Amino acid sequence: MVVPHIRHATLDDEETLGRLDRAAWSPLHSVQPRPRPPYESFYNERFGPRDHLVAELDGTVVGYVRLGYPTPLACNAHVRQIQGLVVSEEARGGGVGRALLRAVREEARRQGARRLTLRVLGHNAPARRLYEAEGFVVEGVLPGEFLLQGAYVDDVLMGCSL
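The rules behind each value
- Residues numbered from 1 in each chain as written.
- Predicted model: local features only at pLDDT ≥ 70, side-chain atom pairs only at ≥ 80, totals over all residues.
- Heavy atoms only, no water.
- Buried < 20%, exposed > 50% of the residue type's maximum accessible area, 1.4 Å probe, protein only.
- Helix = DSSP H or I, 4+ residues; strand = E, 2+ residues; numbered from the N terminus.
- Pairing = 2+ DSSP bridges.
- Right-handed = clockwise from strand over helix to strand, strands pointing away.
- Phe/Tyr/Trp six-rings, centres within 6.5 Å; stacked < 30°, edge-to-face > 60°.
- Lys NZ or Arg CZ within 6 Å of the ring centre and 35° of its normal.

Trainee: For this particular structure, what's the right way to read the pairing of strand E5 (residues 115–121)?
Mentor: On any regular strand, side chains alternate: one points to one face of the sheet, the next to the other face. Of all 7 residues in E5, 5 are buried, a share of seventy percent or more. Direction of pairing for strand E4 (residues 79–87) relative to E5: parallel, over a ladder of 4 bridges. Directly across from Val-79, in E5, lies its bridge partner Arg-115. As a crossover connection, the stretch from E4 through helix H2 (residues 96–110) into E5 is right-handed.

Trainee: I would appreciate a short explanation of the packing of aromatic side chains in the present structure.
Mentor: What characterises a pair of aromatic rings is the spacing of the ring centres plus the angle enclosed by the ring planes. Following the criterion strictly, the structure yields 3 aromatic pairs and no others. Geometrically, the ring pair formed by Phe-42 and Tyr-64 is edge-to-face, given 5.2 Å between the ring centres and 85° between the ring planes. Separated by 22 residues along the polypeptide, Phe-42 in the loop between helix H1 (14–24) and strand E2 (52–57) and Tyr-64 in strand E3 (residues 60–68) bring together distant segments of the chain. Of the two residues examined, Phe-42 and Tyr-64, each falls in the buried class. Here the guanidinium or amino end of Arg-22 rests over the ring plane of Tyr-39, the centre of that ring lying 3.9 Å away. Sitting above the plane of the Phe-136 ring, Arg-105 keeps its charged end 5.9 Å from the centroid.

Right, dumping it as structure tokens:
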């Protein structure tokens, strides 16, 4: 297994991250419709380079994780939330997702967070197994929260202490 290089995103990564995000789109993990041109900017007023860690293999970006606040409330400022994790099809199964999760835990700690949370669709078994292997536990389930391609899908809330 090749260990990916993890770094903070830059403004120059925007186009690459947008392409990666669109290529990885799947109803397995997205509640949004498939992106269609003209594509929205990857970075926006809510999330910029500072909110993303990227994984590189041999200088090529093969994944990213987005870290944000779950709410704008001061009383919730000790919590960070993973709000996106994408690994390219070619790099899946090689430890990139695991490396990104470990790096984002460290980044959340560096920012002073005490908890890290995420939401995952109930039918996304590969992601759930990875999160559980990395110490996340199910903290709640919203049954049938989303109607995706004619099927009701649970929204699973997971978290861990830092």
